[in-house]
Amino acid sequence: PTDDTASPSPTPAPTDDTASSSPTPAPTDDTASPSPTPAPQQSPVDAFEPTPGAPTESLDDAPPESDDSYADFAPASAYPSSVNGTSGYPSSVNTTTPDATSSASEPALPTTPPSPPPPPSPPQPPSPSPPPLPPAPPGIVNVHNVTMQAGSKAVMFHPPKTVETLQSPNQPLTLHFMENGNDAQLASSGLPLWTEVYVNGDLQDDADITLSNGDRLQLFVKASPAPLVRRAAYLSYGHKQFVLDVTTAQTSPPPPLPPAAPPPPNDVILAHVAANHPTQCTSAQAYKWSTLTQNDRSTVPMNAWCSRNTTFGEFQAPLCSHQTGRDIIILVDASEAVGSEVFYGKMIDMLHDLYCTIEGTGSQVGVLLLPGAGNPYVCDAYTSYIPLQQHTSEDFHASLERMRADEGACCGRSVPLAQGLKAANGLFRDFGIFPPNERSVIFVTASHPSTPVESETCLSISVPEFRDLTRDHPFNVLPSGEEMTTCEYKLRSVPVAAAELKTAGVRVSVVTVPGADGAVPSSAYYSGSPWPSKCTADGQCEFSAPYGGDRGHWGSWYTDANGDLTRDYNPGPELACQMRVHPGTPVVSRPVLANALRVNAWNPRGYADTLAVAMCPAPQCLPSSLFGSTFADNCVGDDASNWAQTLSCVRGESYSMCDRLIPRTERCHAEVRSDPVAVGTVNNVTAVSVRIHCEQHCSGERTDTHAKSIRVVCPRGASCDGEVIGDDVITAVEAQSATPPTSSNQ
């Protein structure tokens, strides 16, 4: 067996609400605590009976799965505030194609659009004006300006000046001292501590000094210990005036540190992750999977969120058996793909449920919203809404309710996951208190990642690392020399940002949920496989997106519905790009079955076990009972009569299913074909069945490797069941026999 790039999520305590969550090995009743194991039943695949004369259709006719990103079909936010934008610019525009912005509802652009005014830059603080010299009395002034090292003494008159031309003896010596343009602070002697005055070689102990012809005069000023501070001494006698102006020299900067070792190239990072093959659980590890959660929540205080009544009945959140603390960051999709109705309702409810699983463990938990608002330093990529720290249960749940009341928390146009993963890495580094292998990042999303347009979100103060990850035209260039296209972002920047966490020992998980349109995005992207709506079976993908820059412009100012003066940005026409999926490099940690999780409906009783798998510490392996499963097991039988949602899910995971059976390499992949969809029954429940065939091709040619087949049966209202027909899955050794060795085999 190879890696489990496509298998159902193992769950500690299955419930009967399988239609709204990742499938479970054996459905039981819907009570909150585990029930006795029911008697063995025939699997849906074995129990399927085709209905005579039922119409058939092709799996290829199924609608594509939603992979909403900047900016797919999504309703406009109910709150037209400037989310994912700066300077009060709203960011919602109508869309027509996936990963692209449309201007269909806007006036056509002129052939030569006027030059757009740039977004306003923040005011720069005024430079401090240099301190003025001391005012000079009438007459000739002799000024001596010197720059000295801190603590050094500058001398006025060397050798000492002999006094002449006084009309009478005992004439007063006038002295005045300034520091940085202000009167200097004087000691009780009337002189500042940094000045020494000598007459005839004697140090004067006060400022009451008289001179006669023939006296020898000398004055010293000590440079300030602070760099660039100016000290001035002014003296006069008779009609003669002198100024000594001493500036402390800028201290030399310390020698630069030796250059750090260059970061490993992206290909090296991805190859390291690809070489991290999962394993099948030992008996001890399998036992940990079976005891992932406790039987009840009696060990922690009850609260209104973790035990509540829902429209689906009474709900009690699971509680992890592992009670030691961890660092956990939850990344939340706050984009138009989720939509304001889902975000402020069911999404925040789910965040409450996620926290319920680890209450009482002493864990640090933080929440980041993707995208953010009002944070131009990171081009509004994220907002750290709840800081990474230890919270009381009351405080954390109250913070989530404050988020629900914040109209500016949702909904932006992009889903900048790479920036969110980098931010999580930095938060762990700066505020983490647990070892790296006791850290988790959980991304809850209704879309695939996308990055914002620079002109909409960045200002002059934006950090280059985050500016480089935005879309612009001409394209931004990364330190690696790669141009930042939407292909580069989705298929390289996001997997690399995830790999940096995973190589440090951090667990990365994704929970896909229904978005504003009710659809759930394909898990294939997060498992490292292509998906049919954007890619071909050989892994070549194409994306289109607008880039702004010299292709976009700002519109005219207008008053919005809230009475605020604002204007919209048009990023211009789309540009298409193509790139191949890097084999064997999932975004999530391995085993991908336990980390690329799917919620099919907003039913807390149904998705409770899925959240427990995401939040609780789990072995990095799969039980033998699930080792041959695929992502098709995460699909459910559609309640609609045309099975559109079910067939869309199965089709969206078809490449990942074949990757499970025939590992993808740089040269080899599985071509996919399917038999017509059949309608029948499973234990008197209407069901559909489809058979998917996987044939290995290397360098474009069919190999002699025996084709593999998977039969998927989906009873209405229940989880699908996939079963490999014939031979077992191809091992990594078998896959490499048809192609030169590569480190990227799955």
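Since the structure is predicted, the reported quantities are computational estimates derived from the model, not experimental observations.

Caption draft 1: Quick peek at the overall build of the protein. Counting secondary structure elements, the protein contains 14 helices and 34 strands. The buried share of the protein, reckoned over its 746 residues, is 53%. Considering only residue pairs separated by 6 or more positions, the protein has 75% of its internal contacts joining residues 24 or more positions apart. Only carbon and sulfur atoms are counted for the fraction: they give 53% of the accessible area of the protein, which is about 31400 Å².

Caption draft 2: Main features of the packing of helix H4 (residues 340–356) against helix H11 (residues 604–615). Remark: H4 packs on H11, axes separated minimally by 9 Å, with the N-to-C direction vectors making an angle of 50°. Considering their axes alone, H4 and H11 lie oblique with respect to each other. Crossing geometry of H4 relative to H11 is assigned as right-handed. On H11, the residues that touch Met350, Asp353 and Leu354 of H4 are Pro604, Tyr607, Leu611 and Met615.

Caption draft 3: Just the packing of aromatic side chains, in detail. Per the stated rule, a full pass over the model turns up 13 aromatic pairs. The interplanar angle of 75° and the centroid separation of 5.1 Å between the aromatic rings of Phe475 and Tyr547 together place this pair among those described as edge-to-face. Taken together, the residues span a long stretch of sequence, with Phe475 in the loop between helix H8 (464–467) and helix H9 (486–503) and Tyr547 in the loop between strand E21 (540–546) and strand E22 (553–554) at a distance of 72 residues. For the ring pair Tyr525 and Tyr526, a centre distance of 4.9 Å and an interplane angle of 80° mean the geometry is edge-to-face.

Caption draft 4: Broad picture of the nonpolar core. Counting 47 residues, the largest nonpolar core has Leu331 and Leu417 as the members making the most contacts within it. Setting aside anything within four residues of it in sequence, one finds Leu331 in contact with Leu368, Leu370, Leu417, Gly420, Leu421, Val441, Ile442, Phe443 and Val444. Among the nonpolar cores identified, the runner-up in size contains 46 residues, and Trp289, Ile328, Val332 and Cys621 belong to it.

Caption draft 5: Examining the packing of helix H6 (residues 417–431) against H9 more closely. In the contact formed by H6 and H9, the axes pass within 8 Å of each other and the chain directions differ by 15°. With respect to each other, H6 and H9 are oriented roughly parallel. Classified by chirality, the crossing of H9 by H6 is left-handed. Mapping the contact onto sequence places Leu417, Ala418, Gln419, Leu421, Lys422, Asn425 and Phe428 in H6 and Tyr489, Ser493, Val494, Ala497, Ala498, Glu500 and Leu501 in H9. Classifying every residue of the contact of H6 with H9 by side-chain character gives nine nonpolar, three polar and two charged.

Caption draft 6: Spatial organisation of a nonpolar patch on the surface. Residues Tyr377, Ile461 and Val463 make up a contiguous nonpolar surface patch of roughly 240 Å² in combined accessible area. With respect to the helices and strands, the residue Tyr377 is situated in the loop between strand E17 (364–370) and strand E18 (383–390). Owing to a relative accessible area of 47%, Tyr377 belongs among the partly exposed residues under this scheme.

Caption draft 7: Structural context of helix H12 (residues 644–652). For H12, the tally of buried residues reaches seven of nine residues, placing the bulk of the element in the interior. Listed in full, the buried residues belonging to H12 are Thr646, Leu647, Ser648, Cys649, Val650, Arg651 and Gly652. Tucked into the core, H12 has its buried residues touching helix H10 (524–527), strand E27 (596–598), helix H13 (654–661), strand E31 (685–698) and strand E33 (708–715).

Caption draft 8: Representation of the state of the cysteines within the structure. For the coordinates displayed, the defined rule picks out eleven disulfides. Note that Cys306 is cross-linked by a disulfide to Cys356, the S-S spacing being 2.0 Å. Here the disulfide of Cys306 and Cys356 is left-handed, its torsion about the S-S bond being about -90°. Of the two residues, Cys306 is situated in the loop between helix H3 (283–290) and strand E14 (307–310) and Cys356 in helix H4; the sequence distance between them amounts to 50 residues. The disulfide bridge from Cys379 ends at Cys458, spanning 2.0 Å between sulfur atoms. Judged by the torsion about the S-S bond (110°), the Cys379/Cys458 disulfide is right-handed.

Caption draft 9: Spotlight on the sheet that holds strand E7 (residues 195–199). Ordered in space as E3-E10-E7-E8, the four strands form an open sheet in which the pairing is antiparallel. Bordering the open sheet on either side are strand E3 (153–162) and strand E8 (202–203), each of which pairs with just one other strand. Note: E7 against strand E10 (residues 216–222), five bridges, orientation antiparallel. The partner of Thr195 across the bridge, within E10, is Val221.

Caption draft 10: Highlighting the side chain of Glu359. Residue position: Glu359 is located in the loop between H4 and E17. There is a polar contact of 2.6 Å between the side chain of Glu359 and the side chain of Ser393. Once residues lying within four places of it in the same chain are set aside, the contact partners of Glu359 are Arg297, Val300, Pro301, Asn303, Cys306, Leu319, Gln323, Ser393 and His397.

Caption draft 11: Fine view of the sheet that holds E17. Read across the open sheet, the six strands follow the order E18-E17-E16-E19-E20-E27; overall the sheet is mixed. This sheet does not close on itself; its edge strands, each paired only once, are E18 and E27. If you compare each strand with its neighbour and ignore which way they point, the axes differ by 15° on average. In the sheet, E17 pairs with E18 via five bridges, with the strands oriented antiparallel. Looking at E18, one finds that Leu369 is bridged to Thr383. Of the strands in this sheet, strand E16 (327–333), E17, E18 and strand E19 (439–445) are in contact with H6, which crosses E16 at around 160°.

Caption draft 12: Looking closely at the confidence of the model for the protein. Of all residues in the protein, 78% attain a pLDDT of 70 or more, and the chain-wide mean is 81. Throughout residues 1–37 the model reports pLDDT below 50, and contacts reaching past four residues in sequence, or to other chains, amount to 133 contacts. When the criterion is pLDDT under 50, residues 71–115 qualifies, and its contacts beyond four places in sequence or with other chains add up to 118 contacts.

Caption draft 13: Just the environment of Asp568, in detail. Position of Asp568 relative to the elements: it lies in the loop between strand E24 (565–566) and strand E25 (569–570). Residue classification places Asp568 among the partly exposed positions, given a relative accessible area of 27%. Between the alpha carbons of Asp568 and Ser556 there is a distance of 7.4 Å; along the sequence they are twelve residues apart. In terms of polar contacts, Asp568 uses its side chain to reach the side chain of Tyr558, at 3.0 Å.

Rules used in this analysis
Residues numbered from 1 in each chain as written. Predicted model: local features only at pLDDT ≥ 70, side-chain atom pairs only at ≥ 80, totals over all residues. Heavy atoms only, no water. Helix = DSSP H or I, 4+ residues; strand = E, 2+ residues; numbered from the N terminus. Buried < 20%, exposed > 50% of the residue type's maximum accessible area, 1.4 Å probe, protein only. Contact = heavy atoms within 4.5 Å. Areas by Shrake-Rupley, 256 points an atom, 1.4 Å probe, with all protein chains shown as cover. Axes fitted to C-alpha atoms, helices over the stretch in contact; angles between N-to-C directions. Parallel < 35°, antiparallel > 145°, perpendicular 65-115°, else oblique. Left-handed = near helix turned anticlockwise from the far one by under 90°. Phe/Tyr/Trp six-rings, centres within 6.5 Å; stacked < 30°, edge-to-face > 60°. Core = buried A, V, L, I, M, F, W, Y, C linked by side-chain atoms within 4.5 Å. Nonpolar A, V, L, I, M, F, W, Y, C, P; charged D, E, K, R; others polar. Patch = residues over 30% accessible without salt bridge, like charges linked within 9 Å, V, L, I, M, F, W, Y side chains within 5 Å. Salt bridge = Lys/Arg side-chain N within 4 Å of Asp/Glu carboxyl O. Disulfide = S-S within 2.5 Å. Pairing = 2+ DSSP bridges. Polar contact = N/O pair within 3.5 Å; in protein donor to acceptor, adjacent residues only side chain to side chain. pLDDT = per-residue confidence, 0-100.

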